[in-house]
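Each chain, written out:
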Amino acid sequence: MLEWLARLLGSGDHSKDSKDMAKERLRLVLVQDRALLSPGLLEKLKEDIVEVLSKYMEIDEQSLEVNLDSSDESVALVANIPVKSVKRRI
Amino acid sequence: MGKAIVITSGKGGVGKTTAAANIGTGLAQIGKKVCLVDADIGLRNLDVVMGLENRIVYDLIDVVEGYCRVRQAMIKDKRFDTLYLLPAAQTREKDAVNPDQMGKLITELKQDFDYVIIDCPAGIEQGFKNATSGADMAIVVTTPEVSAVRDADRIVGLLEAQELYDPYLVINRLRPDMVRKGDMMNTEDMIDILAIRLLGVVPDDESIIVSTNRGEPAVLDKRSQSGQAFRNIVRRLEGVEVPFMHLENNSMVQRFMRLIGIGGKS
Ligand SMILES: Nc1ncnc2c1ncn2[C@@H]1O[C@H](COP(=O)(O)OP(=O)(O)O)[C@@H](O)[C@H]1O
Ligand SMILES: [Mg+2]
């Protein structure tokens, strides 16, 4: 009853509201959608990663893998970057 | 030279045709010269929402294929003589016209009208490309639901690919009672997610159905709340700063006042 009143007055604990679930699910799905939207994007990202890392080490570009990985609550950029050799420190 | 605005969404049934009819009629109501273009080839609907279905002789495809001039296909509105409708073909396929032809047609219409309002079909295929190809700007319509917002987001990206940047958002069918209970995303939530500029919020409203039954857009009904929302949208398009309606966080007092007919800024 009290909860009902609180909701009616537009206050109270909203942490379990279905709209929060909607928003959270949308946030996650859109990260993926937006990345998928341009198939070239991941390729560009790979190239940029290689460029930056090449300053420090030699990368095996052919077997480089970059993916978006989503679990229930978060989205992560997962990269598997095989290193051929590391440069000597100057 | 007028401005061509495409009304689009990705998902079907969210209110594109309703918005096109109301925004177009609303603009005519304030004296603008408006041409509504039904780009939903094969699923023509704007004519019935406008109450003009009995006057159609030629359609958009007839124009494109050269069977008639564009003036012959345009139907004059019953209420405003600055308002016209170019109906879609009902018995043809979406690929009966291509983006190039649509672009030329819209450019031609822009010579004679202040606004060309294009009602886009659902989907992201040829129909979408046709409807967007002549447009100068876009209005994305969504409802406060996960699937509709997701599709809207995708459309924003596809619009960019068509060089239509910075679209407007119209949130349709908002239910203040559900928002208050926390069972519907509010305006802020959706702006937060989509990150595009808000043009207006239209409540879920019986008067939309009644007005569609009659073929009289709700924007003409002074007492209709959704009509008020569309009148505000029209003024915002004209560059007037209109405060957004407080549909969502109404106090009980405000709700009571609306109930008895005092106030009701939409
Ligand atoms: N604000 C609203 N309140 C109530 N019903 C609405 C509202 N907007 C649209 N509708 C109804 O929803 C249905 C789909 O609307 P429509 O404009 O045809 O969508 P679309 O063109 O995007 O497919 C129609 O029956 C229409 O009357
Ligand atoms: Mg429609």
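Shown above is the structure to which this text applies.
Presented here is a report on the structure given in the accompanying data block. (Residues numbered from 1 in each chain as written. Chains lettered and ligands numbered in written order. Predicted model: local features only at pLDDT ≥ 70, side-chain atom pairs only at ≥ 80, totals over all residues. Heavy atoms only, no water.)

### Some points on the interface of chain B and chain A
In step 1: The partner chain A presents 16 residues to the 19 residues of chain B that form the contact.
In step 2: Across the chain B to chain A interface the summed buried area is about 1,700 Å²; carbon plus sulfur atoms make up 60%.
In step 3: Summed over the three residues of chain B that lose the most area to chain A, namely B:Val146, B:Arg150 and B:Ile193, the buried surface amounts to 30% of that side.
In step 4: Between the two partners, chain B and chain A, sit five salt bridges.
In step 5: In this structure, A:Arg34 engages B:Asp153 in a salt bridge whose closest nitrogen and oxygen atoms are separated by 2.5 Å.
In step 6: Run the count over chain B and chain A and you get nine residue pairs in polar contact (both at pLDDT 80 or more).
In step 7: Sorting the residues of the side of chain B that touches chain A by element identifies α7 (146-161), α8 (176-181), α9 (187-194) and α12 (252-259) of chain B as the ones contributing at least two each.
In step 8: When the residues that make up the side of chain B that touches chain A are grouped by side-chain class, the tally is seven nonpolar, three polar and nine charged. (Contact = heavy atoms within 4.5 Å. Buried area = accessible area lost by both parts, 1.4 Å probe. Salt bridge = Lys/Arg side-chain N within 4 Å of Asp/Glu carboxyl O. Polar contact = N/O pair within 3.5 Å; in protein donor to acceptor, adjacent residues only side chain to side chain. Helix = DSSP H or I, 4+ residues; strand = E, 2+ residues; numbered from the N terminus. Nonpolar A, V, L, I, M, F, W, Y, C, P; charged D, E, K, R; others polar.)

### Regarding the site of ligand 1
Residues and elements named next belong to chain B.
In step 1: Lining the immediate environment of ligand 1, one finds 15 residues, of which Gly-13, Lys-16, Thr-17, Thr-18 and Asn-172 sit closest.
In step 2: Here an oxygen atom of ligand 1 sits 3.0 Å away from a polar atom, N or O, in the main chain of Gly-15.
In step 3: The separation between a nitrogen atom of ligand 1 and a polar main-chain atom of Asp-205 is 2.9 Å.
In step 4: Out of a free accessible area of 560 Å², ligand 1 has 79% covered by protein chains.
In step 5: For the shell around ligand 1, a count of residues per class yields four nonpolar, seven polar and four charged. (Near = heavy atom within 4 Å. Areas by Shrake-Rupley, 256 points an atom, 1.4 Å probe, with all protein chains shown as cover.)

### Observations concerning the sheet that holds strand β1 (residues 3-8) of chain B
Residue and element names in this part refer to chain B.
In step 1: Judged by pairing direction, the sheet is mixed, and its eight strands sit side by side in the order β3-β4-β2-β5-β1-β6-β7-β8 without closing on themselves. The sheet terminates laterally at β3 (75-76) and β8 (197-203), the two strands that pair on one side only.
In step 2: On top of the sheet, helix α11 (residues 225-237) reaches β1, β5 (115-119), β6 (137-142), β7 (168-174) and β8; it is set at about 160° to β8, its chief contact. (Pairing = 2+ DSSP bridges. Axes fitted to C-alpha atoms, helices over the stretch in contact; angles between N-to-C directions.)

### Comments concerning the packing of helix α1 (residues 16-29) of chain B against α11(B)
Residue and element names in this part refer to chain B.
In step 1: It is the contact of α1 with α11, at a shortest axis distance of 9 Å, that shows an interaxial angle of 65°. Between α1 and α11 lies a crossing whose hand is right-handed. For the pair α1 and α11, contact is made by Thr-18, Ala-19, Asn-22, Ile-23, Gly-26 and Leu-27 and by Phe-230, Ile-233, Val-234 and Leu-237, respectively.
In step 2: Among the residues making up the contact of α1 with α11, the classes are represented as seven nonpolar, three polar and no charged. (Left-handed = near helix turned anticlockwise from the far one by under 90°.)

### Some points on unusual backbone geometry
Residue and element names in this part refer to chain B.
In step 1: The backbone phi angle of Asp-166 is positive, close to 55°, even though this residue is not glycine.
In step 2: Positionally, Asp-166 belongs in the loop between α7 and β7.
In step 3: In this structure, Ala-195 takes a positive phi of about 50° despite not being glycine.
In step 4: For Ala-195, the position within the fold is in the loop between α9 and β8.
In step 5: Look at Ala-195 and you get exposed, because its relative accessible area is 62%. (Buried < 20%, exposed > 50% of the residue type's maximum accessible area, 1.4 Å probe, protein only.)

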